[in-house]
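For reference, the chains in residue letters:
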Amino acid sequence: MIGKSYILLLLLQAGLAQEWEANTPREVVAQEGSCAQIPCRYSYPSHLANLLRIGIWFNNKNRGTSSTAFHSNDHSRELAQFRHRTQLSGDLKDGDCSLIIKGITQEDAGPYYFRVEFDDVNSYSYLPETWLQVSGFTDKPTIFPVETIAGKRVNLRCTFNTTCNGTAPVLTWDTPTAVTGSVSNTVTQHGVTLTYTTVLSLIPSPRHQGQTLTCRISYPTVSSEQTITLTVQYSPRNLSITSLAVIKDSSISVIEGNSAVIICSVESFPASNLMWRHLNITLNRTSSNNELWLEIPHITYRETGDYQCVAENEHGAVEGSITIAVEYSPRNLSITSLAVIKDSSISVIEGNSAVIICSVESFPASNLTWRHLNVTVNRTRSNNELWLEIPHITYRATGDYQCVAENEHGAVEGSITITVEYPPGNLTITSLAVINDSSINIIEGNSAVIICSVESFPASNLTWRHLNFTVNRTRSNNELWLEIPHITYRATGDYQCVAENEHGAVEASITITVEYSPQNLSMTSVAVIKDSSVNIIEGNSAAIVCSVDSFPASNLMWRHLNVVMNRTSSNNELWLEIPHITYRENGDYQCVAENEHGAVEGSITIIVEYAPRNLSITSRAVIKNSSINIVEGNSAVIICSVESFPASNLTWRHLNVTVNRTCSNNELWLEIPRVTFRETRDYQCVAENGHGVVEGSLTVTVQYPPRNLTITSPAVIKDSSINIIEGNSAVIICSVESFPASNLTWRHLNVTMNRTSSNNELWLEIPYITSKETGDYQCVAENDHGAVEGSITIIVQYPPRETTVSISGASAGIREGHNVTLICSGQSVPPILHYTWFRMEGNTSTQLNTSSRILSFTPVTRGNDAGFYCMVTNPLGNSSSNMTHLNVEYGPEISWESECARRAEGITCACVANSNPPGDLTWHLPHANLSGNQTLGGFVSQQLRVGHLVMGSLILKGDQGEEKVMASCSIRNPHGVATHNMYLWVRGRFCSKCTVGLVVIGIMLTVFLAGILIMLSVKKRKTATEETASKTSDIALTDRRVSVKHQGSQNMKVTDPLDTIREGDTPSPQDVFDSPVGGDAGQEDPNRTENVLYANINFSKLPKGDGTVHRDEDTEYAQIRFQHN
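Given the structure is predicted, the values throughout are model-derived calculations rather than measurements.

Right, let's get into the overall build of the protein chain. Secondary structure summary: the protein chain contains 2 helices and 80 strands in total. Counting only residues that meet the buried cut, the protein chain has 44% of its 1125 residues in that class. In the protein chain, once contacts between residues fewer than 6 apart in sequence are set aside, the share between residues at least 24 apart is 66%. Carbon and sulfur atoms form 49% of the exposed surface of the protein chain, whose accessible area is close to 58200 Å².

What follows is the structure, given as structure tokens:
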């Protein structure tokens, strides 16, 4: 209502505002969550320059009301939503009235104007208003790109500019874990612009390529970010060479005539210049490309060799190589020799060595073959050269020799002729008797004639020899006769004729067989005969040979056990072969020889040797399935026996260790006294002699009670304990050694969780484990021989929960000045690592600068009257408690502004007190006491409680004399009583100056009342003030001075349109119009004195649940000044 009177009052100040000027913009736009600055420069009359001044900014958001956004002298007068958020950027003495508002919200939008107050009469409100527009937060930081080279440190700079030096923004870098670096932050100012800079210093590597970096600007409630992608320059690396053909050992094979393709690729940035080189010649190149193909069409064997790929950019170079092997069919076959080749032929003297060499070109290397008379005489594989050496060549080696070279791609052939020069040959022997198979038969007593002839040049020297004795000789004659008169059987045998010249010699023989009866019978064998006996290994073949001297040849027969085994007719030799002989063929064998002239007999013994067989293992214990069971501590006896000849060497082995041994004995005992579980497992018996080995095994199973129980888990076990995060699965495994296998049982809190029978391992899985599963788990293993037990502790980890705040030292309530302690408690595993305390005022939560579990107030004050809660944290999470409100109680305090004042209708006294809990107010008069809403004679008492405030008024109606009447008010609550004395009437002296003062005041009141009468025709508005600081009721007290308006209502309420004071604040009544709004220009005498100061009290009813303060009728009081002459 008072705000609507500005129009009339501006008429009074028009002539007084020439020196009062301000330079402010009509509109300022700020982004939500950031800081806003309203620029302001102001001027005032020069004679006020040395006076103290107060700067006030008003937020005139709702028409007809004004709220203090900033007060340079008393911040308690600031509206709650602006408190601790507003400040001036400069100094009022320098004419700088610029306003800074931190943490801008949409609620801050609206009109603002500045007011300056020097004293009671020199004040001015600078209009027009400046509109603050609030938009969404759109500003983003700026990242300055730089060249990034691997291995070289780079500094990435991110900046953010603002013209408001209120709440400082925070610049941070968000980087992937692969990108590590250091960060430095600076702030610089150029004019009104603040530049916030953060520098990320890092050493990039190729693995950072494509990683994103984010620079984020953050205010307490908003943030924005800018992101860049790293482009890292680095030298070539990871060069690889591939091919359409198969690469093996950095080599490819290509068939001649086909195309060869090899591909070189590399990783680098920027892209590399690639080049293919062969034999130091560049074959192909490309620029700024990380891949280069080299294609060789119709490749020939000349392209065989190494090919190098070189990749380089400005940061370095790398090289790789591959070998191309060209495959082609054999070609350029040539035949050479150590002898002179003429017309593809060589001559070699018989008896010398002939060497011929075949070589060829091919890939892969050829298979070479020398052939003669269609017979292969030498061969090699995968070799392009093959030698054929014929040592001591004879005339029979004369002829053509072919060399054939072939691989998978083709074949080629060449030939050479060897001509042999040889000594005498074609030696023949003839006789007057019939020669049959180079033999003649002569009856003992007759004469024998044999003739030797030969072809040779020059003629040979011929010689007859018998039993290495020369029996006849001739020189340079190619024929020689030998005659033997009256021959005997002793002349039976071979006769040699030798022909020789300077080139060599040749020899031939003839056998003269003299017919006679059998004699000189002998038996031989492939095996060694000792004492007419041979030893034969079983499975081999036995061959014994019976021979005799006789002519005609004898009939021979082999017998064994009187059974004819073999026979022949007319043969002086008879073989008996027994394939795959067995020990059953042991014994004597007889040979009988006979012809028409007589008979003879001989014998030999065959002994068959054989490898061990029929190995058997027995025991005193019962054997079942090749196994015996022995109770631990007893003795075990096992016996190994075998059949063999000669007798075997027997060995008992266990775990590859020999435990007993014997030589040449077909039986071996093994005794294990007091057997233990370590003797469990297989025992092998090995029997061996010179002919073989046989092996058998027996399992000794030692029965024993459970032992070596172990408990394992996929989780890490430490001190027989595992930690599992709540909600995960827990797996523990119990294993034991025992035989027979144990029955395993898992128990927890004496309850069986899992069990198995005859199994030495048991798993226990607990899915979705909770804290209730924390504790010890026992595994029990038992079999027929005993039992064993082990345990493990499962500790279930979970984030904090059941967080509470308890109060210590407040058993009888919280009294100001006492010591009060808040204790934060919670449950968590692992234990709580960090405590954080928050103070809650309305919807605003403020973190306190402490990390202690205990929050102490020593002592507690009414300023600590607020909500508090704590948050606890462990590595798995956090939890917050419910809010605990500190209701601080204190004794009554009466405001110094409680006074009495005179008016036309009478004298009014006001008494204002602050206490918790609110006290009871009593007026004390000389003859009576009044409390509450009460009337006694001419005295009317009224009382109102709002929050912690108790406000009372005492009105004395009717005529008053000049007698002083003393009155006092007292306030009492459980914590004490306060009393304030005052006079109901103060004597004043009226003079002409007083009259002039009253006339001036009357004129001002008349103008003001005229404005009020005009606005009474407009419907009164109900206004609501949002109070979010707490859920308790507030009392609104004016800090302005107002003019008089009384409507005589008992339901009285005084409201100030400009300001509200929160609960617990002390009102400071003043007259808002002691100088006119807009500038009263100070027309009154600055030396005047005042007898009575009359406080203005503003009563407001309690707000409803929605926080709205409802206003009804207004009673406003003006100050009355009495001025002496």
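In this section: the packing of aromatic side chains. Tallied over the entire structure, the rule returns 18 aromatic pairs. Residues Y489 and Y516 carry aromatic rings whose centres are separated by 5.2 Å and whose planes lie at 45° to one another, so their mutual orientation is tilted. Here Y489, found in the loop between β39 (479–484) and β40 (493–501), pairs with Y516, found in strand β41 (residues 504–525); they are 27 residues apart in sequence, far enough to count as distant. Overall, the relative accessible area of 28% leaves Y489 in the partly exposed class. Consider the rings of F857 and F868, whose centres lie 5.3 Å apart with planes at 65°: the pair is edge-to-face.

Right, let's talk about the sheet that holds strand β29 (residues 367–372) for a bit. Read from one edge of the open sheet, 5 strands run β27-β33-β32-β29-β30, paired in mixed fashion. Looking at strand neighbours, the two that pair on one side only are β27 (345–349) and β30 (375–380), the edges of this open sheet. Strand-to-strand, the axes of this sheet are offset by a mean angle of 25°, without reference to chain direction. Direction of pairing for β29 relative to β30: antiparallel, over a ladder of 5 bridges. Opposite W370, over in β30, you have N378 as the bridge partner.

Considering soluble globular proteins, one finds that nonpolar side chains tend to be buried as a cluster. W57, Y112, F114 and L132 are the most contacted members of the largest nonpolar core, which totals 29 residues. Among the elements of the structure, β2 (27–31), β3 (36–38), β6 (67–71), β8 (99–101), β9 (110–117) and β10 (123–135) are those that each provide at least two residues to this core. The greatest single-element share of this core, amounting to 4 residues, is contributed by β10. When residues no more than four places from it in sequence are discounted, the contact partners of Y112 are I38, W57, F58, N59, A69, F82, L99, I101, E129, T130 and L132. Core analysis: the second largest hydrophobic core is formed by 23 residues, L427, I450, L482 and C497 among them.

When a strand is regular, its side chains alternate between the sheet's two faces. Two strands pair when backbone bridges link them, and strand β22 (residues 273–278) and strand β25 (residues 305–313) are joined in this way by 6 bridges, in the antiparallel orientation. Note that in β25 the partner of N273 across the bridge is E312. Inspection of the sheet shows β22 paired to strand β23 (residues 281–286) by 5 bridges, in the antiparallel sense. Bridge pairing in β23 places W276 opposite N284. Counted between consecutive antiparallel strands, the loop separating β22 from β23 contains 2 residues, among which L279 sits at a positive phi close to 55°.

Time to look at the confidence of the model for the protein chain. Mean pLDDT over the protein chain: 82, with 84% of residues reaching 70 or higher. Overall, residues 986–1004 carries pLDDT values under 50, and its contacts beyond four positions in sequence, including any with other chains, amount to 19 contacts. Here residues 1010–1125 is a poorly scored stretch, pLDDT under 50, and it has 274 contacts once near neighbours within four places are set aside; other chains count.

Moving on: a nonpolar patch on the surface. A contiguous nonpolar patch, built from L373, V375 and V377 and spanning about 280 Å² of accessible area, is present on the exposed surface. Tracing the backbone through its elements, the reader meets L373 in the loop between β29 and β30. Judged by relative accessible area, which is 63%, L373 ranks as exposed.

Time to look at the pairing of strand β50 (residues 636–645). The element β50 is extensively covered by neighbouring structure, given that 7 of its 10 residues are classed as buried. Pairing geometry for β50 and strand β53 (residues 667–672), over 6 bridges, is antiparallel. When the sheet's bridge partners are listed, A636 is paired in β53 with I672.

By the definition in use, this model includes 18 salt bridges. The salt bridge partner of R862 is E893, with a shortest N-O separation of 2.8 Å. Highlighted residues: R862 in the loop between β67 (854–857) and β68 (867–874) and E893 in strand β71 (residues 888–894), separated in sequence by 31 residues. Ionic contacts of the salt-bridge type, sharing partners, join the residues D174, R216 and E225 into one network.

Let us now look at the state of the cysteines. As used in these notes, a disulfide is a covalent bond between sulfur atoms, one from each of two cysteines. Counted under the stated rule, the structure contains 12 disulfides. In this model C900 forms its disulfide with C909; the gap between the sulfur atoms is 1.8 Å. Disulfide C900-C909: torsion about the S-S bond near 105°, hence right-handed. On the basis of relative accessible area, C900 is assigned to the buried category, the value being 11%. For C909, a relative accessible area of 0% corresponds to the buried category.

For the rest of this paragraph, the subject is the sheet that holds strand β17 (residues 212–218). Across the sheet, 3 strands lie side by side as β14-β17-β18; this open sheet has antiparallel pairing. Both edges of this open sheet fall to β14 (170–174) and β18 (223–229), since each of them pairs with a single strand only. The mean inter-strand angle of the sheet, taken between neighbouring strand axes irrespective of direction, is 20°. Inspection of the sheet shows β14 paired to β17 by 5 bridges, in the antiparallel sense. By the bridge assignment, L171 is partnered in β17 with I217.

Before going further, it helps to spend a moment on the environment of L467. Along the chain, L467 falls in the loop between β37 (461–466) and β38 (469–474). The spacing of L467 and Y495 is 28 residues in sequence and 7.6 Å in space, taken between C-alpha atoms.

The next subject is unusual backbone geometry. Cis geometry marks the peptide bond from F269 to P270, where omega comes out at 0°. Its place among the elements puts P270 in the loop between β21 (260–269) and β22. Here the bond from F739 into P740 is cis, since omega is -5°, no more than 30 degrees from zero. By the element assignment, P740 lies in the loop between β57 (730–739) and β58 (743–748). Not every positive phi belongs to a glycine, and N625 is a case in point at roughly 55°. Its identity is not glycine, yet N750 carries a phi of approximately 65°, on the positive side. Mapped onto the fold, N750 is located in the loop between β58 and β59 (751–756). On the accessibility criterion, N750 (74% relative accessible area) is exposed.

With respect to the helices and strands, the residue I623 is situated in the loop between β48 (598–619) and β49 (627–631). Residue I623 is classed as partly exposed on the basis of its relative accessible area, which comes to 33%. Separated by 76 residues in sequence, I623 and T699 place their C-alpha atoms 9.2 Å apart. Ignoring anything within four residues of it in the chain, the contact list for I623 reads I617, T618, I628 and L698.

Turning our attention to the side chain of Q233. Counting through the fold element by element, Q233 comes out in strand β19 (residues 232–243). A distance of 3.4 Å separates the side chain of Q233 from the side chain of E147, its partner in a polar contact. In terms of polar contacts, Q233 uses its side chain to reach the side chain of H315, at 2.8 Å. The residues contacting Q233, other than those within four sequence positions of it, are E147, T148, I149, A150, F269, P270, E314 and H315.

For the rest of this paragraph, the subject is the side chain of S456. For S456, the position within the fold is in the loop between β36 (448–455) and β37. Owing to a relative accessible area of 17%, S456 belongs among the buried residues under this scheme. Here the side chain of S456 touches N478 through a polar contact of 3.2 Å, side chain to side chain. Ignoring sequence-local partners within four residues, the contact set of S456 consists of P424, N478 and N501.

Turning next to the environment of T138. Note on placement: T138 falls in the loop between β10 and β11 (142–144). Assessed through its relative accessible area of 56%, T138 is described here as exposed. A C-alpha to C-alpha distance of 8.9 Å links T138 and S223, two positions 85 residues apart in sequence.

Parameters and conventions
Residues numbered from 1 in each chain as written. Predicted model: local features only at pLDDT ≥ 70, side-chain atom pairs only at ≥ 80, totals over all residues. Heavy atoms only, no water. Helix = DSSP H or I, 4+ residues; strand = E, 2+ residues; numbered from the N terminus. Buried < 20%, exposed > 50% of the residue type's maximum accessible area, 1.4 Å probe, protein only. Contact = heavy atoms within 4.5 Å. Areas by Shrake-Rupley, 256 points an atom, 1.4 Å probe, with all protein chains shown as cover. Phe/Tyr/Trp six-rings, centres within 6.5 Å; stacked < 30°, edge-to-face > 60°. Pairing = 2+ DSSP bridges. Axes fitted to C-alpha atoms, helices over the stretch in contact; angles between N-to-C directions. Core = buried A, V, L, I, M, F, W, Y, C linked by side-chain atoms within 4.5 Å. pLDDT = per-residue confidence, 0-100. Patch = residues over 30% accessible without salt bridge, like charges linked within 9 Å, V, L, I, M, F, W, Y side chains within 5 Å. Salt bridge = Lys/Arg side-chain N within 4 Å of Asp/Glu carboxyl O. Disulfide = S-S within 2.5 Å. Polar contact = N/O pair within 3.5 Å; in protein donor to acceptor, adjacent residues only side chain to side chain.

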